[in-house]
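For reference, the chains in residue letters:
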Amino acid sequence: MSDTHWTEEDLAIANGGTTSAAFVTGDKCRGSVQMPATLTSTGLLFSVSNDNVTFTTVKVAGVALTSITVAANHVVPLPKECFASKFTKAVLGSAEGAARTLKLFLASPAAS
């Protein structure tokens, strides 16, 4: 059995924006997001989609996930519900005053 394979990618948040581009979660098993040192927002949500067009806020036990409190340089695990859909977006709680880059880390299941 081989080790879990991790990938890393940048999630860009535009100046004045709150939402990243979609990233693929459907074939992954877990992951996390590293907040940048320059982050000013204090909240984070995740939206999911199977068609990469219509996105809805992640729900836990049928209830929309409330904002996760974040801060500069924090690492935030992705909720397991993100991996039940093909695509996910990170959504900050407030607009950033400049472009920001979040670091995404995703794990693929170990090959057997």
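As a reminder, the structure under discussion sits directly above these lines.
All values reported here derive from a predicted model rather than from experimental measurement.

Colleague: Before we go on, may I ask you to explain the overall build of the protein in this structure?
Modeller: The helix and strand tally for the protein stands at zero helices and eleven strands. Going residue by residue from the N terminus, the α and β elements of the protein occur as β-β-β-β-β-β-β-β-β-β-β. Taken over C-alpha atoms, the radius of gyration comes to 14 Å for the protein, in line with the 13 Å a tight globule of 112 residues would show. Oriented by its inertia axes, the alpha-carbon framework of the protein measures out at about 45 × 30 × 25 Å. Buried positions account for 36% of the 112 residues belonging to the protein. A sequence separation of at least 24 residues applies to 83% of the contacts in the protein between residues at least 6 apart. Total accessible area computed for the protein in this model is approximately 6,000 Å², and 55% of it derives from carbon and sulfur atoms. Treating the 8 positive side-chain charges of the protein as one cloud and the 8 negative ones as another, the clouds have centres 5 Å apart.

Colleague: What am I meant to see in the packing of aromatic side chains here?
Modeller: The way to describe two aromatic rings as a pair is by their centre distance and the angle between their planes. Inspection of the entire model under this criterion finds zero aromatic pairs. The positively charged end of K89 is found above the aromatic ring belonging to F55, 4.3 Å away from the centroid.

Colleague: Would you mind going over the nonpolar core with me for this structure?
Modeller: The nonpolar side chains of a soluble globular protein tend to be buried, and buried together. Grouped together as the largest cluster of nonpolar side chains are 20 residues, with contacts concentrated most on M35, L44, F46 and L78. Of all the secondary structure elements, the ones that give two or more residues to this core are β1 (5-13), β4 (43-49), β10 (87-92) and β11 (100-108).

Colleague: Even after reading the chapter, I still don't get the pairing of β4, so can you show me in this structure?
Modeller: The side chains of a regular strand alternate between both faces of the sheet. Among the seven residues in β4, six count as buried, and that is most of the element. Note: β4 against strand β8 (residues 68-69), two bridges, orientation antiparallel. Bridged to L44 within β8 is I68. Pairing between β4 and β10: six bridges, direction antiparallel. Counted as the bridge partner of L45 is V91 from β10. As defined by bridge partners, β4 adjoins strand β5 (residues 56-57) across two bridges and the pair is classed as antiparallel. Along β5, the bridge assignment pairs V48 with T56.

Colleague: When you look at unusual backbone geometry in this model, what are you seeing that I'm missing?
Modeller: One can expect most non-glycine residues to show negative phi and most peptide bonds to be in trans. A positive phi angle, near 60°, is found at N52, a position not held by glycine. Residue N52 is classed as partly exposed on the basis of its relative accessible area, which comes to 36%. Phi at N73 takes a positive value of approximately 70°, unusual for a residue other than glycine. Within the secondary structure layout, N73 lies in the loop between β8 and β9 (75-77). Note on N73: relative accessible area 48%, which makes it partly exposed.

Scoring rules and cut-offs
Residues numbered from 1 in each chain as written. Predicted model: local features only at pLDDT ≥ 70, side-chain atom pairs only at ≥ 80, totals over all residues. Heavy atoms only, no water. Helix = DSSP H or I, 4+ residues; strand = E, 2+ residues; numbered from the N terminus. Rg over C-alpha atoms; globule rule 2.2 N^0.38 Å. Buried < 20%, exposed > 50% of the residue type's maximum accessible area, 1.4 Å probe, protein only. Contact = heavy atoms within 4.5 Å. Areas by Shrake-Rupley, 256 points an atom, 1.4 Å probe, with all protein chains shown as cover. Lys, Arg positive; Asp, Glu negative; His and termini not counted. Charge placed at Lys NZ, Arg CZ, Asp CG, Glu CD. Phe/Tyr/Trp six-rings, centres within 6.5 Å; stacked < 30°, edge-to-face > 60°. Lys NZ or Arg CZ within 6 Å of the ring centre and 35° of its normal. Core = buried A, V, L, I, M, F, W, Y, C linked by side-chain atoms within 4.5 Å. Pairing = 2+ DSSP bridges.

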